[in-house]
Amino acid sequence: MMALIVVLILAVLALAAVALKLAPRRRPVALSAPAPGAGSRRILFPFVANALSQRALDAALRLARADDATLVPVFLACVPLHLPLDTPLPRQSDIAMRLQEAIEQRAAAFGIPVDARVERGRTARHALRQTIADETFARIVIAAATHGGQGFGPEDVAWLLEHAPGEIVVLRPGEEERLVPPPPRRRISSGARRRGGRDHHARRGHLLRF
């Protein structure tokens, strides 16, 4: 009797082994990789005329490279109170274009895409408030003013830390670390302007509107 039970157990085990071999194997389900650019981010880099810090810009570019992000440099144009907010500002427009060009050249060396902006306001803080309300970003990099110079003072930095969303990086560069914009371009003939200037101005239309 005991021998019969052992034989039956061995038979069941043999049948189970055969069934496992014959059973179809399921292929593992591969998780789909995220689409290219799905994790891209935007780093806001606001600045004012005569206070563009190369060290702060390089820090923003290094962060953008580490995060696979787009740099969004925003020139903050200050409009005097006695003028309408949408009044033309040719001098600031020229400064903005040359500074943005310098930023684009610097960003190209880092391999970082740039999406330049211009924002108006009665003060730098007012323009910064408008920028925060209008733009989508994950991080802000700003250069604090040194020794009472132009740029973002302690009160502006404190206001930014209290009101701005996302991560905020504040640097205090030295006076000698300003990024010098390229000189104004030479005037070209009307024919050359019609041939090659249209695409250039279309790309920078957001700068020329002010």
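Now for a quick tour of the structure. Just so we're clear, the structure is a prediction, and the values are computed from it rather than from any experiment. (Residues numbered from 1 in each chain as written. Predicted model: local features only at pLDDT ≥ 70, side-chain atom pairs only at ≥ 80, totals over all residues. Heavy atoms only, no water.)

A closer look at the packing of aromatic side chains
Then, number 1: Counting across every chain of the model gives two aromatic pairs.
Then, number 2: Ring plane angle 70 degrees and centroid distance 5.7 Å describe the contact between Phe47 and Phe75, whose orientation is recorded as edge-to-face. Pair noted here: Phe47 is in strand E1 (residues 41–47) and Phe75 is in strand E2 (residues 69–78), with a separation of 28 residues, a long-range link.
Then, number 3: For Phe47, a relative accessible area of 2% corresponds to the buried category. (Phe/Tyr/Trp six-rings, centres within 6.5 Å; stacked < 30°, edge-to-face > 60°. Helix = DSSP H or I, 4+ residues; strand = E, 2+ residues; numbered from the N terminus. Buried < 20%, exposed > 50% of the residue type's maximum accessible area, 1.4 Å probe, protein only.)

Here we look at unusual backbone geometry
Peptide bonds are mostly trans, and most non-glycine residues show a negative phi.
Then, number 1: At Asp68, a residue that is not glycine, the phi angle is positive and equals roughly 55 degrees.
Then, number 2: For Asp68, the location among the structural elements is in the loop between helix H2 (54–67) and E2.
Then, number 3: Given the relative accessible area of 57%, Asp68 is considered exposed.

Some words on the packing of helix H4 (residues 124–134) against helix H5 (residues 154–163)
Then, number 1: Where H4 contacts H5, the two axes come as close as 11 Å, and the packing angle between them is 20 degrees. Looking at the two axes, H4 sits roughly parallel to H5. As H4 packs across H5, the resulting crossing turns out to be right-handed. Two secondary-structure elements touch here, H4 through Arg125, Leu128, Arg129 and Ile132 and H5 through Glu155, Asp156, Trp159 and Leu160.
Then, number 2: A per-class count over the contact of H4 with H5 returns four nonpolar, no polar and four charged. (Axes fitted to C-alpha atoms, helices over the stretch in contact; angles between N-to-C directions. Parallel < 35°, antiparallel > 145°, perpendicular 65-115°, else oblique. Left-handed = near helix turned anticlockwise from the far one by under 90°. Contact = heavy atoms within 4.5 Å. Nonpolar A, V, L, I, M, F, W, Y, C, P; charged D, E, K, R; others polar.)

Describing H4
Then, number 1: Inspection of H4 places Ala124, Ala127, Leu128, Thr131 and Ile132 among the buried residues, and these make up the whole buried set. The arc that holds every buried residue of H4, seen down its axis, measures 140 degrees, which confines them to one face.
Then, number 2: Those residues of H4 that are buried lie in contact with E1, E2, strand E3 (117–121), strand E4 (139–143) and H5. (Arc of directions from axis to C-beta.)

Concerning the packing of H2 against helix H3 (residues 90–110)
Then, number 1: The geometry of H2 relative to H3 is characterised by a closest axis approach of 10 Å and an angle of 40 degrees between their N-to-C directions. Of the possible angle classes, the one that applies to H2 and H3 is oblique. In this structure, H2 crosses over H3, and the sense of that crossing is right-handed. For the pair formed by H2 and H3, the contact residues are Gln54, Leu57, Asp58, Leu61, Arg62 and Arg65 on the first element and Ile103, Arg106, Ala107 and Phe110 on the second.
Then, number 2: Its residues assigned to classes, the contact of H2 with H3 comprises five nonpolar, one polar and four charged.

Quick word on the nonpolar core
Then, number 1: Counting residues in each nonpolar core, the largest one holds 28 residues, and the members touching the most others are Phe45, Phe47, Leu61, Leu71, Phe75 and Ile112.
Then, number 2: Secondary structure elements with two or more residues in this core: E1, H2, E2, H3 and E4.
Then, number 3: Apart from residues lying up to four places away in sequence, Phe45 is in contact with Leu52, Ser53, Ala56, Leu57, Ala60, Leu71, Val72, Pro73, Val74 and Val141.
Then, number 4: Core analysis: the second largest hydrophobic core is formed by 19 residues, Val72, Leu76, Ile140 and Trp159 among them. (Core = buried A, V, L, I, M, F, W, Y, C linked by side-chain atoms within 4.5 Å.)

A word on the pattern of salt bridges
Then, number 1: A full pass over the atoms with the stated rule returns eleven salt bridges.
Then, number 2: A salt bridge links Arg42 to Asp115; the shortest N-O distance between them is 3.2 Å. Placement of Arg42 in strand E1 and of Asp115 in the loop between H3 and E3 is noted, with a sequence separation of 73 residues between them.
Then, number 3: Here Arg117 makes a salt bridge to Asp115, at a shortest N to O gap of 2.6 Å.
Then, number 4: With relative accessibility at 25%, the residue Arg117 sits in the partly exposed group. (Salt bridge = Lys/Arg side-chain N within 4 Å of Asp/Glu carboxyl O.)

Focus: the sheet that holds E3
Then, number 1: Taken together, five strands build an open sheet; the order of strands is E3-E2-E1-E4-E5 and the sheet is parallel. One side of each edge strand has no neighbouring strand; the edge strands of this open sheet are E3 and strand E5 (167–171). Between one strand axis and the next, the sheet turns by 25 degrees as a mean value, whatever way the strands run.
Then, number 2: Sheet analysis places E2 next to E3, joined by five bridges and oriented parallel. Within E3, the position partnered with Val74 by the bridge is Arg117.
Then, number 3: Sitting on the sheet, H4 is in contact with E1, E2, E3 and E4, with an inclination near 130 degrees to E3. (Pairing = 2+ DSSP bridges.)

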